[in-house]
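Structural overview
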Amino acid sequence: DVIDANKKYGKGVIERFYDKGVLTPKTIAVHCIHINEDEQKLLKESDAIVVHNPESNMGNAVGCAKVLDMYDKGILLGLGTDGYTTDMMESYKVANLIHKHDNHDSTVAWVEIPEMLFNNNRIITERFISGQIGIINEGALADIILIDYNPPTPINETNINGHLMFGINGRHVDTTIVNGKIIMENRSLINVDEGKIFEKSRKLANDLWKRF
């Protein structure tokens, strides 16, 4: 995309989007690995959203987005998976690691990554829906998960992020509640025949593979 945009238009992808009025507060710019500092400033100026997908980027060997630089510029950054995993806690762990590795500094990414996942993802979502999520507050949508996690060390306000990063993953989710409705309880989906869904999914997967 970068080579094509520069060859055809003499400008980067983000700059081209900016010039055409594509970038808005509801624009989600995914990955943003091969952008320069001027394009970062255009993202900030337009109040666009950037979503970082570290595992996908590593799996495709395309590089590491300069998330820490964008964070310092005040760009609204979210954390995603790009479908590489269904477990956001995996993405949380990998994002913490990749920026330490990329910056050759073990002290970075302790603040930025949890803010992206636990605060900014909520802010991003609320740009597209009516209502509050990701917060326990009167009137907010009751989207809640219950975690079955019994650690050998204490949990308190100073180390909760450490437990989330090093101790908890998606398999610890016991119950899922969406807008007050229980969707999964005791690790079983409510009123859903998982076996039938998997059977159909495998057939559709085979049909799809045959097309390639």
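Preceding this paragraph is the structure being described.
This text gives an overview of the structure that appears in the document. None of these values were measured; they are calculated from a predicted model.

What follows deals with the side chain of Thr81. With respect to the helices and strands, the residue Thr81 is situated in the loop between strand E3 (76–79) and helix H6 (88–103). Reaching out from Thr81, the side chain makes a polar contact with the backbone nitrogen of Gly83 at a distance of 3.0 Å. Setting aside its immediate chain neighbours within four residues, Thr81 contacts Asn53, Ser56, Met88 and Ser91.

Another point: the pattern of salt bridges. Tallying each qualifying case throughout the model produces eight salt bridges. When the shortest N-O distance is used, the salt bridge between Asp47 and Arg127 registers 3.1 Å. Note that Asp47 is positioned in the loop between helix H3 (37–46) and strand E2 (49–52) and Arg127 in the loop between helix H7 (112–126) and strand E4 (144–147), a separation of 80 residues in sequence. On the basis of relative accessible area, Asp47 is assigned to the partly exposed category, the value being 34%. Residue Arg122 is joined to Glu126 by a salt bridge in which the shortest nitrogen-to-oxygen separation is 3.9 Å. Here Arg122 and its partner Glu126 are both found in helix H7, four residues apart, which amounts to about one turn of the helix. Looking at Arg122, the relative accessible area reads 17%, which means it is buried.

Pairing within the open sheet is antiparallel, and its four strands lie in the order E4-E5-E6-E7. Bordering the open sheet on either side are E4 and strand E7 (188–189), each of which pairs with just one other strand. Where E4 meets strand E5 (residues 173–178), four bridges bridge the pair, whose relative direction is antiparallel. Of the residues in E5, the one forming a bridge with Ile147 is Val173.

All right, on to the packing of aromatic side chains then. Overall, the coordinates contain two aromatic pairs when judged by the stated rule. Consider the rings of Tyr92 and Phe118, whose centres lie 5.4 Å apart with planes at 75 degrees: the pair is edge-to-face. Highlighted residues: Tyr92 in helix H6 and Phe118 in helix H7, separated in sequence by 26 residues. Using a relative accessible area of 0% as the deciding quantity, one classes Tyr92 as buried. Judged by centre distance (6.4 Å) and plane angle (55 degrees), the ring pair of Trp110 and Phe166 falls under tilted. Linking Trp110 in the loop between H6 and H7 with Phe166 in helix H8 (residues 160–166), this pair joins segments that are 56 residues apart in sequence.

To continue, consider the pairing of strand E6 (residues 181–185). For E5 and E6, the ladder comprises three bridges, and the chain directions are antiparallel. Within E6, the position partnered with Thr176 by the bridge is Met184. Counted along the chain from E5 to the antiparallel partner E6, the turn is two residues long, and its residue Asn179 has a positive phi close to 50 degrees. Pairing between E6 and E7: two bridges, direction antiparallel. The residue of E7 that forms the bridge with Met184 is Leu189. Between E6 and E7, which follow one another and run antiparallel, lie two residues, and Asn186 among them has a positive phi close to 50 degrees.

The rules we used
- Residues numbered from 1 in each chain as written.
- Predicted model: local features only at pLDDT ≥ 70, side-chain atom pairs only at ≥ 80, totals over all residues.
- Heavy atoms only, no water.
- Helix = DSSP H or I, 4+ residues; strand = E, 2+ residues; numbered from the N terminus.
- Polar contact = N/O pair within 3.5 Å; in protein donor to acceptor, adjacent residues only side chain to side chain.
- Contact = heavy atoms within 4.5 Å.
- Salt bridge = Lys/Arg side-chain N within 4 Å of Asp/Glu carboxyl O.
- Buried < 20%, exposed > 50% of the residue type's maximum accessible area, 1.4 Å probe, protein only.
- Pairing = 2+ DSSP bridges.
- Phe/Tyr/Trp six-rings, centres within 6.5 Å; stacked < 30°, edge-to-face > 60°.

Everything listed here is a matter of geometry and, on its own, says nothing about what the molecule does.
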